[in-house]
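A look at the structure
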Amino acid sequence: MRLIIKKNYEECSKWVGDYIASKIIDFNPSNNKQYVLGLPTGSTPLGVYKRLIELNKKGTISFKNVVTFNMDEYVGLNAEHPQSYHYFMKHNFFDYIDIDKNNVHILNGIAPDLIKECNSYEDEIKNKGGINLFLGGTGNDGHIAFNEPGSSLSSKTRIKTLTEDTRIVNSRFFNSIDEVPKTALTVGIKTITDSKEVVIMMSGAAKGIALAHAIEEPISQMWPVSILQMHEKAIIVCDESAIGELKVKTVNYFKDIEKNIKEPLA
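One structure accompanies this document, and this report is about it. Quick caveat: nothing in here was measured; it's all calculated off a predicted structure. Numbering of residues starts from 1 in every chain and runs along the sequence as written. Reporting in this predicted model follows two pLDDT cut-offs: at least 70 for local features of residues, and 80 or more for side-chain atom pairs to be given and counted; totals over whole chains, interfaces and linings ignore these cut-offs and use all residues. By convention in this description, side-chain values take in all heavy atoms of the structure and omit both hydrogens and water.

Think of it this way: any DSSP run of H or I at least four residues long counts as a helix, any run of E at least two long counts as a strand, and we number them from the N terminus. The number of helices and strands found in the protein chain is 8 helices and 10 strands. Radius of gyration here is computed from C-alpha atoms only, and the compact-globule reference equals 2.2 Å multiplied by the residue count raised to the power 0.38. The globule rule puts the C-alpha radius of gyration for 266 residues at 18 Å, and the 18 Å found for the protein chain is close to it. For the C-alpha atoms alone, the extent of the protein chain along its principal axes is close to 50 × 40 × 35 Å. Here the protein chain holds 266 residues, and 54% of them are scored as buried. Every residue pair with non-hydrogen atoms within 4.5 Å of one another is taken to be in contact. Considering only contacts within the protein chain whose residues lie at least 6 apart along the sequence, 78% involve residues at least 24 apart. Here the Shrake-Rupley method, with its probe set to 1.4 Å, supplies the accessible areas, and only the displayed protein chains count as covering residues. Accessible area of the protein chain: about 12300 Å², with a carbon and sulfur share of 50%. His is not counted here, nor are the chain ends, while Lys and Arg score as positive and Asp and Glu score as negative. Working definition for charges: the position is that of NZ of Lys, CZ of Arg, CG of Asp or CD of Glu. The average position of the 31 basic charges and that of the 33 acidic charges among the side chains of the protein chain differ by 5 Å. For each residue, the accessible area found with a 1.4 Å probe, counting protein chains only, is set against the maximum for its type, and the residue is called buried under 20%, exposed over 50%, and partly exposed in between.

Moving on, we get to the sheet that holds strand β3 (residues 66-70). Across the sheet, 7 strands lie side by side as β1-β10-β9-β6-β2-β3-β5; this open sheet has parallel pairing. Each edge of the sheet is formed by a strand with only one pairing partner; in this case those strands are β1 (2-6) and β5 (104-105). Here 5 bridges tie strand β6 (residues 133-137) to strand β9 (residues 197-202), and the two strands are oriented parallel to one another. Along β9, the bridge assignment pairs glycine 137 with methionine 201. Contacting β1, β9 and β10 (234-239), helix α7 (residues 208-215) runs over the sheet at an angle of about 150° to β10. Should DSSP find at least two bridges between two strands, the strands are regarded as paired. Lines are fitted to the C-alpha atoms to define the axes, a helix being fitted only along its stretch in contact, and any angle between axes, read from their N-to-C directions, falls within 0 to 180 degrees.

Regular strands place their side chains on alternate faces of the sheet. Across 3 bridges, strand β4 (residues 72-74) lies against strand β8 (residues 183-186) in antiparallel orientation. Of the residues in β8, the one forming a bridge with glutamate 73 is leucine 185. The pairing of strand β7 (residues 158-161) with β8 spans 4 bridges and is classified as antiparallel. Along β8, the bridge assignment pairs arginine 158 with threonine 186.

Working rule for helices: expected span equals 1.5 Å times residues minus one. Here helix α4 (residues 114-127) spans 20 Å end to end across 14 residues, near enough to the 20 Å set by a 1.5 Å rise per residue. Taken together, the buried positions of α4 are Leu114, Glu117, Cys118, Tyr121, Glu122 and Ile125. Projection of α4 onto a plane perpendicular to its axis shows the buried side chains occupying an angular sector of 135°, all on one side. Opposite the buried face of α4, by more than 90 degrees, sit the exposed residues Ile115, Lys116, Lys126 and Asn127. By the criterion applied in these results, polar contacts are pairs of N or O atoms within 3.5 Å in which, for protein atoms, one can donate a hydrogen and the other can accept it, and in which residues neighboring in sequence qualify only through two side-chain atoms. For α4, the side-chain oxygen to backbone nitrogen distance between the N-cap and isoleucine 115 is 3.2 Å, and the N-cap itself is aspartate 113. Directions are taken from the helix axis to each C-beta atom, and the arc is the one they span.

This brings us to the packing of aromatic side chains. Only rings of Phe, Tyr and Trp enter the pairing, Trp through its six-membered ring, and a pair is recorded when the two centres are within 6.5 Å. The plane angle decides the type: under 30 degrees is stacked, over 60 is edge-to-face, the rest tilted. Going through the model one piece at a time under the given rule, you end up with 11 aromatic pairs. Pairing tryptophan 15 with tyrosine 19 gives two aromatic rings, centres 5.0 Å apart and planes at 10°, and the pair type is stacked. Here the residue tryptophan 15 and the residue tyrosine 19 both occupy positions in helix α1 (residues 9-27), the gap between them amounting to 4 residues, near one helical turn. The buried category is assigned to tryptophan 15, whose relative accessible area is 5%. A cation over an aromatic ring shows up here: lysine 33 above the ring of phenylalanine 27, its NZ or CZ 4.9 Å from the ring centre. Geometrically, a lysine NZ or arginine CZ counts as sitting over a ring once it is within 6 Å of the ring centre and also within 35 degrees of the ring normal.

Here it is, written out as structure tokens:
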């Protein structure tokens, strides 16, 4: 595992955006060899999407042969609902890059058969050859996507009941908690860790305990992000304010091994 420590959220976002861009460039995708990218929603990736849009506009990268799979979607919200993740991705990323809309995959929260929708999603990921890089964030409790504490570490895409705490946190995007759906479709923890690379962003002091569990504590389903310890190519990118719960020795170790590694796109 790599731990990249940056000064603030803006520097984290730039590093991650540049890293993803460098991976796409190195892969050199084509019609017959598409790069498959897993993507999240929420406030965490907004800076990354802004950076990727900037690089796309400059001509540094193209998304014409990039395929995307999003992490999750609320059950009961159609694609036009302003709080759906279809809407979020369209208005925060996809409308501003040169991606083929046929290459965009987001779970359908109003599918007539939700179990079939989840199984088909897993099948489509396999048909595309698996995910090259999955980008994500994590909650203060260490959840990834809607895989909350207690989720099976071998879980695949499925219907997930949301905890009251999650609904309260997400209610800031709705008029009231009563409008927040009680269930969602989400990729599983194994869906994420089956990816060739996983990059998780963690910013702010509130993520400090989750970061400590991810790096220093035993793997546990009660802290889903801790499963990254078992991934052969996992990267956590955090800012200085998130490292307060880590041991000084841990911080110094990761800073030392990264100091001679050049920046992405450098």
